[in-house]
Amino acid sequence: MNNEFEIKNLVREKYAAIAEQSQLQNATSCCGATSTCSGQEVYNIMADDYTTLDGYNPDADLGLGCGLPTEFAKIKLGNTVIDLGSGAGNDAFIARRMVGENGKVLGIDFTEAMISKARENAEKLKFNNVEFRLGDIDDMPVTSNYADVIVSNCVLNLVPNKYKVISEIFRVLKPGGHFSISDIVLEGELPAKWKQVAELYAGCVSGAIQREVYLEIIETLGFKNVVIQKDKAITIPEDILANYLTTEEIQTYKNGKTKITSITVYAEKPTLEDKNSCEPGNGCC
């Protein structure tokens, strides 16, 4: 994984394989949000329980998230919402319940198999105001100032260039719009060899950056009123650690100060009337 192209291909291949699995296979190959079994894959250990949220559709829930961003996103009737890394449509369908018949939800994913699965789910639900579009979230196929709200669930950490994707979020939001994004961040350093493990990158661990760096990028790009809406510690089970570390290395890791955390972050794009409002890159931020 020496460059952005290789990393993106790795993630695309991994999530295409997940999309092709049946719901039963997903349930039996991992523990999901509500189970306590072991032997999970790393990308499933972080998921929160969506089943109580209005608009939940089990066919769209692959258990891949690390938070519930739609729960905190302050979505209103009539809003236009974008879901970044929309997968099989889980967050998009919940957002659709919130925007109502007169709103619009656009899901963006760069995995063709996920887009196909999401479109199939939307057809079953007979939603005519939910669209799924193939594309990179760090180069969105969307015009500027398009969305009232952007949500994303455990996806930005899969993008090599965090600055670029957050800059795209700023571009695509309307002035006065906001985002609520759940993501994995770090405090301290991961074992060095983890950074070369494909499963750990696809599992949202080795691609995560330091918490303070993550928040600094958001503020540097011009967002205001940055708030941590939820903060949840992530513990990697010992049977998963054993796939990547020796017994001695596991103890060193567990006794160390490294923290893997899921945070849900809220931030607003300034309005046109805000004297501090500016577009990233024009020298005023």
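Scroll up for the structure.
Worth saying up front: this structure is predicted, and the values here are computed from it rather than measured.

**Student:** Explain the packing of aromatic side chains to me, please; I cannot follow it from the model alone.
**Tutor:** What characterises a pair of aromatic rings is the spacing of the ring centres plus the angle enclosed by the ring planes. For the structure shown, the criterion picks out five aromatic pairs. Ring geometry for Phe93 versus Phe132: centroids 5.8 Å apart, planes at 80°, classification edge-to-face. Within this pair, whereas Phe93 is found in helix α4 (residues 90–99), its partner Phe132 is found in strand β3 (residues 130–134), the two being separated by 39 residues in sequence. Its relative accessible area of 1% is what places Phe93 among the buried residues. Consider the rings of Phe179 and Phe223, whose centres lie 5.0 Å apart with planes at 80°: the pair is edge-to-face. In this pair, Phe179 is assigned in strand β5 (residues 173–187) and Phe223 in the loop between α8 (211–220) and β7 (224–234), connecting sequence segments 44 residues apart. For the pair Phe179 and Phe223, one class covers both residues: buried. Pairwise contacts between aromatic rings join Phe93, Phe127 and Phe132 into one cluster. Against the face of Phe110 rests Arg12, its NZ or CZ located 4.3 Å from the ring centre. The ring of Tyr266 is capped by Lys74, whose NZ or CZ atom sits 4.3 Å from the centre of that ring.

Calculation notes
Residues numbered from 1 in each chain as written. Predicted model: local features only at pLDDT ≥ 70, side-chain atom pairs only at ≥ 80, totals over all residues. Heavy atoms only, no water. Phe/Tyr/Trp six-rings, centres within 6.5 Å; stacked < 30°, edge-to-face > 60°. Helix = DSSP H or I, 4+ residues; strand = E, 2+ residues; numbered from the N terminus. Buried < 20%, exposed > 50% of the residue type's maximum accessible area, 1.4 Å probe, protein only. Lys NZ or Arg CZ within 6 Å of the ring centre and 35° of its normal.

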